[in-house]
Amino acid sequence: MTILIAGAGIAGLTLALTCHQLGLPARIFERSKSLQPLGVGINLQPNCVRELFDLGLQAELEKLGLRTSQVAYFTKYGQPIWSELRGLHAGNNWPQYSIHRGELQSLLYRIAADRLGADAIVTDAALVECKTDAADVCAVFQSAGGVVRCEKGSVLIGADGIHSALRRQFYPEEGAPIWGGAVLWRGTSVARPFLDGTTMAMIGHEFQKFVSYPISTPNPASGAAMINWIAELKFAPDRSWRKEDWNRAGNPDDFLPAFESWQFDWLDVPQLIGKSREVLEYPMVDRDPLPQWSFGRATLIGDAAHAMYPIGSNGASQAIIDARILGLSLKQNGRTGAALAHYETLRRPPTNAIVVANRGNGPDQIMQLVEQRSGGEKVDPKLVISREELQDHASHYKSLTGLSIDALNARPPIIDPALAAHSYQK
């Protein structure tokens, strides 16, 4: 029987493509009537880029994404704290890409419709509940007009995001996502790239941070590129804020005054913000790690399973790894509850650990350490934090997230080409 996937986001679409690669029948059910290229920039780490290449998407990613050369951390005064090369520049066998999230999702959607067939993606179908027994699963979907349909399949995969209906069915008392006090304002601006033109810059500290990186190559005529940026302020956690929403318009008056003095010789932050055509605002939220994802013939994947703070560029990357490992388990163990349980044993412990690490500020904590040890004053960061401590901090997080270069380069592919029913030109 067919594998049912609730949600046509990055996790669900990657799983559908993986199932097709392995010769497993799958259908996707998406609540929206049509997919729009929503969101702003994200980064795809080498461990997940490897998987997308194995799905034959290398040429498309090269067109849509920009190879990230390094991540660099700075104080609120624009002073360099630490930098490390990324992707191919660091010795990985695969690049790291900065890319527009909506364009990535649109790419995956287009390829999935082409490979699986347009009828394999059903829109205007929001998951309501699922019923499972020893033989199959019945997934109940509802249209915006109230039409209810029951789809039967071998298993149901909840790839329906941070507000997952399947997760809510498993944990009805969990409640809303957890807000820790930080609010993000995100936008894209057409401007000249800074530093080497492919750097991800992290500036500030835990309570005020600015992140920026290009997501396109410069226009040959103007020299300008599309620059993604995130302005973050952290408030007292008991303060209320507007509900999170990827499409909520933000007001620069709520955050720009705090960044007016952030004008450095390599980046003018207020000027970059001022060039944005649109600002999106939402609180930075996550969910508590779960003790169990899989119940019978249903399981969770991506944000539905492990919604995490957008720290360390791991949300989309971990969702893609989920999809590949789940697809492999379904191929090796059959379309059964046992396959879902096996996938969970491999993915739940490491992703739960990343959720917890990101609550501790993940790799960005080095900026907060410098802020604390300097008393917020403009001092040379080398006087308050050693290179050895910076190196240890970075290495620990890379190990936690599966990004240790030597280990990743040496690891065999998640899916052996011998298992693939469909192979793709790389």
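Overview of the structure. (Residues numbered from 1 in each chain as written. Predicted model: local features only at pLDDT ≥ 70, side-chain atom pairs only at ≥ 80, totals over all residues. Heavy atoms only, no water.)

**Brief notes about the overall build of the chain**
Counting its regular elements, the chain contains 13 helices and 18 strands. Relative to the compact-globule value of 22 Å for 426 residues, the chain shows a C-alpha radius of gyration of 21 Å, a close match. Judged by the C-alpha coordinates and their principal axes, the chain covers about 65 × 45 × 45 Å. Here the chain holds 426 residues, and 57% of them are scored as buried. For the chain, the share of sequence-separated contacts (at least 6 apart) that also reach a separation of at least 24 residues comes to 76%. Of the accessible surface of the chain, which amounts to about 17,500 Å², a share of 51% is contributed by carbon and sulfur atoms. Mean positive and mean negative side-chain charge positions of the chain (41 and 44 charges, respectively) differ by 4 Å. (Helix = DSSP H or I, 4+ residues; strand = E, 2+ residues; numbered from the N terminus. Rg over C-alpha atoms; globule rule 2.2 N^0.38 Å. Buried < 20%, exposed > 50% of the residue type's maximum accessible area, 1.4 Å probe, protein only. Contact = heavy atoms within 4.5 Å. Areas by Shrake-Rupley, 256 points an atom, 1.4 Å probe, with all protein chains shown as cover. Lys, Arg positive; Asp, Glu negative; His and termini not counted. Charge placed at Lys NZ, Arg CZ, Asp CG, Glu CD.)

**Looking at helix H2 (residues 46-54)**
Since one α-helical turn is 3.6 residues long, residues separated by three or four positions face the same way. Of all the 9 residues making up H2, 9 are buried; the element is thus mostly covered by neighbouring parts of the structure. Once H2 finishes, Gly 56 follows within two positions and takes phi at roughly 80°, a positive value.

**Here we look at the sheet that holds strand E7 (residues 97-100)**
An order of E3-E7-E4 is seen for the 3 strands of this open sheet, with the pairing classed as antiparallel. Either end of the sheet is taken by a strand with one partner, and the two such strands are strand E3 (41-44) and strand E4 (66-67). In the packing of helix H4 (residues 101-116) onto the sheet, the strands contacted are E3 and E7, and the crossing angle to E7 comes to about 85°. (Pairing = 2+ DSSP bridges. Axes fitted to C-alpha atoms, helices over the stretch in contact; angles between N-to-C directions.)

**Looking at the sheet that holds strand E16 (residues 225-234)**
The strands that make up a sheet are held in pairs by hydrogen bonds between backbone atoms, and each pair lies either parallel or antiparallel. Strand order in the open sheet formed by 7 strands is E6-E5-E14-E15-E16-E13-E17, and the pairing between neighbours is mixed. In the strand order of this sheet, the two ends are held by strand E6 (80-85) and strand E17 (276-286), each with one partner. Sheet twist, expressed as the average angle between the axes of neighbouring strands with direction ignored, equals 15°. Helix-sheet contacts for helix H11 (residues 365-373) involve strand E5 (70-74), E6, strand E14 (199-205) and strand E15 (208-214), and the interaxial angle to E14 is about 35°.

**A closer look at the pattern of salt bridges**
Pairs can form between side chains of opposite charge whenever their charged atoms are close. Tallied over the full model, the rule gives 17 salt bridges. Close ionic contact of Arg 67 with Glu 62 constitutes a salt bridge, the shortest N to O distance being 2.9 Å. Its salt-bridge partner being Lys 76, residue Glu 371 comes within 3.0 Å of it at the nearest N-O pair. Residue Glu 371 is located in helix H11, and its partner Lys 76 is located in the loop between E5 and E6; the two are separated by 295 residues in the primary sequence. For Glu 371, a relative accessible area of 17% corresponds to the buried category. One connected set of salt bridges, linked through shared partners, spans Arg 27, Arg 149 and Glu 151. (Salt bridge = Lys/Arg side-chain N within 4 Å of Asp/Glu carboxyl O.)

**Regarding the nonpolar core**
Membership of the largest hydrophobic core comes to 73 residues, with the highest contact counts inside it found for Ile 3, Leu 44, Leu 61, Leu 156 and Ile 301. Top element by residues in this core is helix H9 (residues 315-333). It accounts for 9 residues. Excluding residues that lie within four positions of it along the chain, Leu 61 makes contacts with Leu 44, Leu 52, Phe 53, Tyr 97, Ile 99, Leu 104 and Leu 107. Formed by 29 residues, the second largest nonpolar core is a distinct cluster that contains Ala 191, Phe 210, Leu 233 and Val 269. (Core = buried A, V, L, I, M, F, W, Y, C linked by side-chain atoms within 4.5 Å.)

**Details of H9**
Taking 1.5 Å of rise per residue, 19 residues should cover 27 Å, and H9 covers 27 Å from first to last C-alpha, within 8% of that figure. Counting buried positions along H9 gives 15 out of 19 residues, so the element sits mostly inside the fold. (Expected span 1.5 Å × (residues − 1).)

**Focus: the packing of aromatic side chains**
A full pass over the atoms with the stated rule returns 14 aromatic pairs. On the basis of an interplanar angle of 45° and a centroid distance of 4.5 Å, the ring pair of Phe 170 and Phe 295 is categorised as tilted. With Phe 170 in helix H5 (residues 165-170) and Phe 295 in the loop between E17 and strand E18 (298-300), the pair connects residues that are 125 residues apart, well separated along the chain. Each ring, one from Phe 210 and one from Trp 229, has its centre 6.1 Å from the other, and the planes form 15°; the classification is stacked. Of this pair, Phe 210 sits in strand E15 while Trp 229 is found in strand E16, placing the two residues 19 residues apart along the sequence. Accessibility classification places Phe 210 together with Trp 229 in one group, the buried group. Among the aromatic side chains, those forming a connected cluster through ring pairs are Phe 74, Trp 185, Phe 194, Phe 210, Trp 229, Phe 255, Phe 259, Trp 262, Phe 264 and Trp 266. (Phe/Tyr/Trp six-rings, centres within 6.5 Å; stacked < 30°, edge-to-face > 60°.)

**Examining the environment of Gln 208**
As for its position among the elements, Gln 208 is in strand E15. With a relative accessible area of 14%, Gln 208 lands in the buried category. Sequence separation between Gln 208 and Lys 76 is 132 residues; the distance between their C-alpha atoms is 8.3 Å. Setting aside residues up to four positions removed in sequence, Gln 208 forms contacts with Ile 203, Glu 232, Leu 233, Ala 258, Phe 259 and Trp 262. Reaching out from Gln 208, the side chain makes a polar contact with the backbone oxygen of Ala 258 at a distance of 2.6 Å. (Polar contact = N/O pair within 3.5 Å; in protein donor to acceptor, adjacent residues only side chain to side chain.)

**Comments concerning the packing of H9 against helix H10 (residues 337-359)**
One can describe the packing of H9 onto H10 by two numbers: an axis separation of 8 Å at closest approach and a directional angle of 160°. When the axis of H9 is compared with that of H10, the two are roughly antiparallel. Of the two elements, H9 crosses H10, and the hand of that crossing is right-handed. Contact residues: H9 offers Gln 318, Ile 321, Asp 322, Ile 325, Leu 326, Ser 329, Leu 330 and Asn 333, while H10 offers Ala 339, Leu 340, His 342, Tyr 343, Leu 346, Arg 347, Thr 351 and Ile 354. Split into classes, the residues belonging to the contact of H9 with H10 amount to 9 nonpolar, 5 polar and 2 charged. (Parallel < 35°, antiparallel > 145°, perpendicular 65-115°, else oblique. Left-handed = near helix turned anticlockwise from the far one by under 90°. Nonpolar A, V, L, I, M, F, W, Y, C, P; charged D, E, K, R; others polar.)

**Here's the deal with unusual backbone geometry**
If you check the backbone angles, Asp 124 has positive phi at about 55° while not being a glycine. Structurally, Asp 124 is set in the loop between strand E8 (121-122) and strand E9 (126-132). If you check the backbone angles, Leu 195 has positive phi at about 50° while not being a glycine. Secondary-structure assignment places Leu 195 in the loop between strand E13 (178-191) and E14.

Geometric descriptors of this kind do not, in isolation, establish any biological role.
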